[in-house]
Amino acid sequence: MPAAMSSDTADTVPSPTGSSAGPLLGLDGEPLRIGVLTSGGDAQGMNAAVRAVVRTAIRLGARPYAVMEGWAGAVAGGDGIRPLEWDSVGSILQRGGTIIGTARSAEFRERAGQLAAARNLLEHGIDRLVVIGGDGSLTGTNEFRKNWPSLLEELVAAGDISAETAAAHPVLMVTGLVGSIDNDLVGADMTIGADSALHRILEAIDDISSTAASHQRTFVVEVMGRHCGYLALMAAVAGGCDYVLVPELPPGKGWEEDMCSKLKAGREAGRRESMVIVAEGATDREGNRISADDVRQVIADNLGEAARVTILGHVQRGGRPSAYDRWMSTLLGCAAAREVVSMEPGSEPAIIAERHNRIRHNRHRCRHGFHIRSQNHILHHIHHRNDAD
């Protein structure tokens, strides 16, 4: 078993090289400090990732800090940035949501907010971050990373930090984990929370199916997926549904008749219930949104049936994470901590992701400005470090 994956009762704290030389030191000679934050929409498995980042950092000799409520905690400072110990993240693997909170910070989008965030992070000696979030969170983080040198210049000029502090923390080193139930990262097989959300949708479909069959009704179920139809498509296949509408494949002209003919054929074949799944971002080929209520009206107009609409909403993001979102998020968090601890000022930021579940190095730049680093690179990295131990 890799050192960072050993039991919670282990009391040894190996350094990255496997020695027992004590804490890792930054450029200023102080112990290396890393921040971890969750931002944007919550996703099941975030707690497992936070736990792994914190405990791996401690075992490697670094000092972890929680940036509370996403970037809002960095902007606010004070109790918004808190040191974490081993027991701070105990008994959270099974919990949904994120214990360190998450929020979308409008202030962080402004220069003044980023100046405050940089100043508050440097008060704790933090210039390394593991950010767990979705598209907007990682894009915003990359902008902050690029602005870091100029932010420090302004802070020095204003007298908020010393020139020595700026010299000791010249760049912001960042590793990202994608926490998104939409499963919308190119280059990754599964993002944190997607598996749990899919299970939640299927549980709802199974429950709805029984009452639909009892009354011989059609249900239209709307699921999350603004730009990515993974949840809708997989739920439709796994739930044995009749029709599905996803953003990636807008239906052409006449889709209404096509859908209704399929629903009618199912009933004529003896099926007592019908189910249509609609991703929240579904549109037609002209870009017009197709809502669950639109589908309900089409069914009423063409089949004379009063279909029922169920919008699952945030129930998809809540509740306990699946086994996959516990162990995979743990592995990703472990790798993210190792990655950010081993970074140097010239290192490229990286998104840690699972890919093909086999040993393979896969690095390319994505739209967030990060590099995607595959899970197989992570496994190779962990095994290499473990061999050194």
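Notes on the structure follow. (Residues numbered from 1 in each chain as written. Predicted model: local features only at pLDDT ≥ 70, side-chain atom pairs only at ≥ 80, totals over all residues. Heavy atoms only, no water.)

1. Remarks on the pattern of salt bridges
Side chains bearing opposite charge may pair, as long as their charged atoms lie close to each other. Scanning the model with the defined rule gives 12 salt bridges in all. Where Asp 242 meets Arg 271, a salt bridge forms, and the shortest distance between an N and an O atom there is 3.2 Å. Placement of Asp 242 in the loop between α7 (230-238) and β7 (243-245) and of Arg 271 in the loop between α8 (255-268) and β8 (274-279) is noted, with a sequence separation of 29 residues between them. The class of Arg 271 is partly exposed, set by a relative accessible area of 27%. For Arg 296, the salt bridge identified is with Asp 293, shortest N-O distance 2.9 Å. (Salt bridge = Lys/Arg side-chain N within 4 Å of Asp/Glu carboxyl O. Helix = DSSP H or I, 4+ residues; strand = E, 2+ residues; numbered from the N terminus. Buried < 20%, exposed > 50% of the residue type's maximum accessible area, 1.4 Å probe, protein only.)

2. Overview of unusual backbone geometry
In the Ramachandran plot, Ser 91 falls in the positive-phi region, its phi being about 55 degrees despite a non-glycine side chain. Structurally, Ser 91 is set in the loop between β3 (81-83) and α3 (111-123). Residue class for Ser 91 comes out exposed when judged on its relative accessible area of 60%. Within the chain, Asn 183 stands out as a residue other than glycine whose phi angle is a positive 55 degrees. Position of Asn 183 among the secondary structure elements: in the loop between β5 (173-178) and α6 (194-215).

3. Side note on the environment of Arg 217
Within the secondary structure, Arg 217 sits in the loop between α6 and β6 (218-223). We classify Arg 217 as partly exposed; its relative accessible area is 27%. Leave out the neighbours within four places in its chain, and Arg 217 touches Ala 212, Arg 267, Arg 272, Glu 273, Ser 274, Glu 305 and Arg 308. (Contact = heavy atoms within 4.5 Å.)

4. Re the environment of Cys 241
Note on placement: Cys 241 falls in the loop between α7 and β7. Between the C-alpha atom of Cys 241 and that of Ile 205, which follows or precedes it by 36 residues, the distance is 8.8 Å. Dropping the residues within four chain positions of it, Cys 241 is found in contact with Ile 205, Ala 235, Ala 236, Met 275 and Ile 277.

5. Things to note about the packing of helix α1 (residues 46-60) against helix α10 (residues 323-342)
The contact between α1 and α10 brings their axes to 7 Å, and the two run at 40 degrees. In terms of orientation, α1 lies oblique with respect to α10. The element α1 and its partner α10 pack so that their crossing is right-handed. Residue-level contacts link Ala 48, Ala 49, Ala 52, Val 53, Thr 56, Ala 57 and Leu 60 of α1 to Asp 325, Arg 326, Ser 329, Thr 330, Gly 333, Cys 334, Ala 337, Arg 338 and Val 341 of α10. (Axes fitted to C-alpha atoms, helices over the stretch in contact; angles between N-to-C directions. Parallel < 35°, antiparallel > 145°, perpendicular 65-115°, else oblique. Left-handed = near helix turned anticlockwise from the far one by under 90°.)

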